[in-house]
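Structure at a glance
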Amino acid sequence: MPDEQLLKRRFASLAGPEDGDWQDVRWRARRRSGTVAIAATALLVALVAAGFAVGGRVIGLFEVKGSEVPLSSFTQNDRQLLESMCPDPEISHRSGGAPRVSCRSGEPTVRKIADDGVEVHWRVRYPWGLTCAASGPVGGRRNPAFGNAKITNLGCNAWAPGRKVVPTPQRPITVDASMGSTAHDPRIRLFRVTGLAGEGVVAVGLVSKAEPPLQARVRDNAYSFRSIPVRPWTAIAAYDAAGKEIYREPLRGVGAAARPVTTRAKVWSPGPPKRPSGPALQHASTRDAVVDVYRNGVVEVQFASTAGDAYRRLARTSRHSSDTADVGCLKVGFGAGRWEAIGGGSNAHVAPLMGARLGGGGGAHPIGGMPSPPFDVCEVSGTYGRYWNDEEGTRELVELPFTAIGRRYLDERATGRDLAYLVRSKKMHAIRLAIHRGGSAPSVDELVRIFGSRVIPLAGREDTAPNGEVGVWTDGKLIVASERTPAGRRLYVTIDALRIGPNNIRDLSFVY
Amino acid sequence: MDERAEAIEELYRQRYGRFRDGVATITGDRESARDVVQETFARALRKRRSFRGEGSLEAWVWRIALRTAREHVARRPGVSLNGSVPAALDEPHRDPALADALQALPPKRRLIVFLRYFADLSYAQIAEVCGVSEGTVGATLAQARAALEAELGEERRHA
């Protein structure tokens, strides 16, 4: 007779993706119980819309009203997203407190402009002229791995300051569509479509060639489609109270086969920027490379030799993808046990001299989240798998610290990554899944046997292994992995089955 | 939100995939199963006050799921259910041998197998969902496993 566990495993291998959507359930539950209310609202909307038409009001106008929302009401993820648009971010330190990112140009004002019961919409206006439309599901999105968020979409009028992010008579609806394909069906399908609707628009429809449009009512100047059936949708249309189509725009690509990802795709890079005539603002060197940072944000990395270890690794790993690597720089801050890092990078083709222009670009409507020089760290990152204890290690191919805090950040990030890669490893995932399904965690000795000699058993949850080794402790349910940084700080991460529990590495590496 | 609604949301967040995969064996594909599961939980939310807490919440929601799935299948043109719930692997190509072996089981036995191994329900929950005793569930599963062993053993011998 087949073993019970064997059958469970065989069925488990047939499981599908996690594509649940609780907001949709709530919306469906409300939709039915509130049929009368919705009908009354629809009638009111229809009457009002008809009044607009009779009174000669302009269809599609969108009046930005609603209340201002304090930034503090958003989650940390949301605030980081909004801050990422800042043209001149900086890290500020409070005595004894954690560092925080602030924007020299000022903070945005956020106004809630629509809520159809499924999706909330905000208008975000920055002091330097940038305007964005943000939206997210009612109640926000909970995610134990990535952190909670209220905002899941953000679109701005960067580089097109006159462009409206709300409906206009020319375009009476905005369209925010998410598309994709699944492993079993390579055709592009619509997962979700939401947007704002201007005056007089009472319904929005997804249009396909073969069947009648799938319509969603407009509520509080917004509409949402969830659980969209798989069809080759060709367009999205707006309808007035009489059911007349008043606007249509194409939905491109739905139903087409997703382009397979090729490992040798061509990637564009801007090429090395022109070197400024003046002297470099910052200069650092290692055995492998020299970096110069100029006041206008130009960064140049010159490799000492193409025969050097770093360059050969860079060339080898970049060959797997696109012959490019990322040249980036960071400003970092540390306080109250927390790191903060701001910065970014630019794609560049691998060559003995690699350059990028980072920040300092200015322009009428700059965007970015990129600080201006001087930086604490510059680096060149290759493209390769990040596997625990592999030969690529946990450092970037070239790391060039300019300051003591930059050096410490690189050291602690390398240690944090070591723990994160361990948690993310396939072997650990299998253990986490087994605990999630009701099994108990392996003993510390068993963990040591599974993960090898760099892992040592710890007697207590708060204990730490010597430098260079990873300590593990377990009570049969929780697993705590810890490691000491070169500066002596204890980094740790708690694994609670599939959930990541208390840890102090999330600001250094991505752990899930 | 009240406690019942919170419990239903928690159940959805923990078990959505199991519901979707289990329901797909009845609706025939995961897309419609997703729709049925969404509707199931919406119904559960609306009717939550009728759940008296005498059995498991999951079994109660599963009863709604089976009813919703049956309605969904019955709406298809030319389908007559005659009181039975026809269940089959929705993606048989992913494990053809298992799909064939399951297809050889009588419909009721097959449904109980799916509730056990796809939906991951306990014997007591399956008994509650199907309105039979736990002993019947145990016996049915034992018979089903024996039949599967015969079919899958055949597969191994041919391999």
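Since we're looking at a predicted model, the values are computed, not measured.

How each quantity is defined
Residues numbered from 1 in each chain as written. Chains lettered and ligands numbered in written order. Predicted model: local features only at pLDDT ≥ 70, side-chain atom pairs only at ≥ 80, totals over all residues. Helix = DSSP H or I, 4+ residues; strand = E, 2+ residues; numbered from the N terminus. Buried ≥ 20, exposed ≤ 12 C-beta atoms within 10 Å, placed from the backbone. Contact = placed C-beta atoms within 7 Å. Axes fitted to C-alpha atoms, helices over the stretch in contact; angles between N-to-C directions. Parallel < 35°, antiparallel > 145°, perpendicular 65-115°, else oblique. Left-handed = near helix turned anticlockwise from the far one by under 90°. Nonpolar A, V, L, I, M, F, W, Y, C, P; charged D, E, K, R; others polar. Pairing = 2+ DSSP bridges. Core = buried A, V, L, I, M, F, W, Y, C linked by C-beta atoms within 7 Å. pLDDT = per-residue confidence, 0-100. Arc of directions from axis to C-beta.

The helix and strand inventory of chain B stands at 7 helices and 0 strands. Each helix and strand of chain B, ordered N terminal to C terminal, gives the series α-α-α-α-α-α-α. Considering chain B as a whole, with its 159 residues, one finds that 39% of them fall into the buried category. In chain B, once contacts between residues fewer than 6 apart in sequence are set aside, the share between residues at least 24 apart is 62%.

Let us now look at the overall build of chain A. Scanning chain A from terminus to terminus reveals 8 helices and 27 strands. Taking contacts inside chain A between residues at least 6 apart in sequence as the whole, the part at least 24 apart equals 59%.

Next up on the list: the packing of helix α1 (residues 3-27) of chain B against helix α3 (residues 57-74) of chain B. Residue and element names in this part refer to chain B. Contact geometry of α1 with α3 gives a least axis separation of 10 Å together with a crossing angle of 40°. With respect to α3, the element α1 is oriented oblique. Between α1 and α3 the crossing geometry is right-handed. Judged by residue contacts, Ala7, Leu11, Arg15, Phe19, Val23, Ile26 and Thr27 of α1 engage Leu57, Glu58, Val61, Ala65, Ala69, His72 and Val73 from α3. Per-class residue counts for the contact of α1 with α3 are 10 nonpolar, 2 polar and 2 charged.

Time to look at the pairing of strand β27 (residues 499-503) of chain A. Residue and element names in this part refer to chain A. Of the strand pairs in this sheet, strand β26 (residues 490-496) and β27 are connected by 3 bridges, and their pairing is antiparallel. What sits directly across from Val493, in β27, is Asn503. Between β26 and β27, which pair antiparallel one after the other, the connecting turn spans 2 residues, and Ala497 there sits at a positive phi close to 55°.

All right, on to the sheet that holds strand β12 (residues 222-225) of chain A then. Residues and elements named next belong to chain A. One open sheet holds the 3 strands; their spatial order is β8-β9-β12, and the pairing between them is antiparallel. Of all the strands in the sheet, the pair left with one neighbour each is β8 (176-180) and β12. For this sheet the average axis-to-axis angle between neighbouring strands, irrespective of direction, equals 10°. In terms of strand pairing, β8 meets strand β9 (residues 189-196) through 5 bridges, oriented antiparallel. By the bridge assignment for β9, Asp176 is matched with Thr194.

Looking now at the interface of chain A and chain B. With 21 residues of chain A at the interface, the matching set in chain B holds 29 residues. Counting only elements with at least two residues in the side of chain A that touches chain B, the list comes to α1 (4-12) and α2 (22-33) of chain A. If you tally residues by element for the side of chain A that touches chain B, the top one is α2 of chain A, at 7 residues. Among the residues forming the side of chain A that touches chain B, the class breakdown is 10 nonpolar, 4 polar and 7 charged.

Here we come to the packing of α1 of chain B against helix α2 (residues 30-46) of chain B. What describes two packed helices is the angle between their axes and the distance between those same axes. All names here are of chain B. At a minimum axis separation of 8 Å, α1 and α2 run at an interaxial angle of 145°. The chirality of how α1 crosses α2 is right-handed. In contact with Ala5, Ile8, Tyr12, Tyr16, Phe19, Arg20, Val23, Ala24 and Thr27 of α1, α2 contributes Arg30, Ser32, Ala33, Arg34, Val36, Val37, Phe41, Ala44 and Leu45. Split by residue class, the contact of α1 with α2 holds 13 nonpolar, 2 polar and 3 charged.

Below, the discussion takes up the environment of Leu314 of chain A. Residues and elements named next belong to chain A. Structurally, Leu314 is set in helix α5 (residues 309-319). In this structure Leu314 comes out as buried when scored by C-beta crowding, with 28 C-beta atoms within 10 Å. Ignoring anything within four residues of it in the chain, the contact list for Leu314 reads Ala325, Val350, Val380, Gly382 and Leu397.

We now examine the sheet that holds strand β20 (residues 353-357) of chain A. Residues and elements named next belong to chain A. Reading across the sheet, the 4 strands line up as β15-β16-β17-β20 and stay open at both edges, with antiparallel pairing between neighbours. Taken across any chain shown, the strands that pair with only one partner, and hence form the sheet edges, are β15 (282-285) and β20. Neighbour-to-neighbour, the strand axes of this sheet turn through a mean angle of 10°, independent of strand direction. As paired strands, β15 and strand β16 (residues 289-293) are joined by 4 bridges and run antiparallel to one another. The residue of β16 that forms the bridge with Ala284 is Val291.

Here we take up the nonpolar core. Val299, Val377, Leu419 and Ala481 of chain A are the most contacted members of the largest nonpolar core, which has 59 residues in total. With 7 residues, helix α6 (residues 404-424) of chain A is the largest single contributor of residues to this core. What Val377 of chain A contacts, discounting residues up to four positions off in sequence, is Cys329, Leu330, Val332, Glu399, Leu400, Pro401, Phe402, Gly406, Tyr409 and Leu410 of chain A. Counting residues in hydrophobic clusters, the runner-up holds 47 residues, among them Ile26, Val37, Trp60 and Ile112 of chain B.

Residues and elements named next belong to chain B. Looking at the element boundaries, Arg110 is found in helix α5 (residues 107-117). The buried category is assigned to Arg110, around which 22 C-beta atoms lie within 10 Å. The sequence separation of Arg110 and Ala144 amounts to 34 residues, and the corresponding C-alpha distance is 7.6 Å.

Turning our attention to unusual backbone geometry. Phi is mostly negative for residues that are not glycine, and the peptide bonds are mostly trans. All names here are of chain A. Here the amide bond leading from Pro373 into Pro374 is cis, since omega sits at 5°, within 30 degrees of zero. Secondary-structure assignment places Pro374 in the loop between β20 and β21 (377-381). The phi angle at Ser227 is positive, at roughly 50°, despite the residue not being glycine. Within the secondary structure layout, Ser227 lies in the loop between β12 and β13 (233-239). Classification of Ser227 as partly exposed rests on a count of 18 C-beta atoms within 10 Å.

All names here are of chain B. Residues with a pLDDT of 70 or more make up 86% of chain B, whose mean pLDDT is 79. Per-element confidence in chain B is highest for α2, whose mean pLDDT is 87, and lowest for helix α7 (residues 134-158), whose mean pLDDT is 77. When the criterion is pLDDT under 50, residues 78-83 qualifies, and its contacts beyond four places in sequence or with other chains add up to 5 contacts.

Take the confidence of the model for chain A next. Residues and elements named next belong to chain A. Model confidence for chain A is summarised by a mean pLDDT of 83, while 86% of its residues fall at 70 or above. When the criterion is pLDDT under 50, residues 33-57 qualifies, and its contacts beyond four places in sequence or with other chains add up to 18 contacts. Note on residues 361-367: pLDDT is under 50 here. Beyond four places in sequence and across chains, it has 13 contacts.

With that out of the way, let us pick up the environment of Thr136 of chain B. On the secondary structure map, Thr136 of chain B appears in helix α7. A C-alpha to C-alpha distance of 10.0 Å links Thr136 of chain B and Ile126 of chain B, two positions 10 residues apart in sequence.

The next subject is helix α4 (residues 76-83) of chain A. All names here are of chain A. Listed as buried for α4 are Asp78, Leu81 and Leu82. The buried side chains of α4 occupy one side of the element, clustering within an arc of 95° when seen end-on. Buried residues along α4 sit against β5 (119-125) and β7 (153-156).

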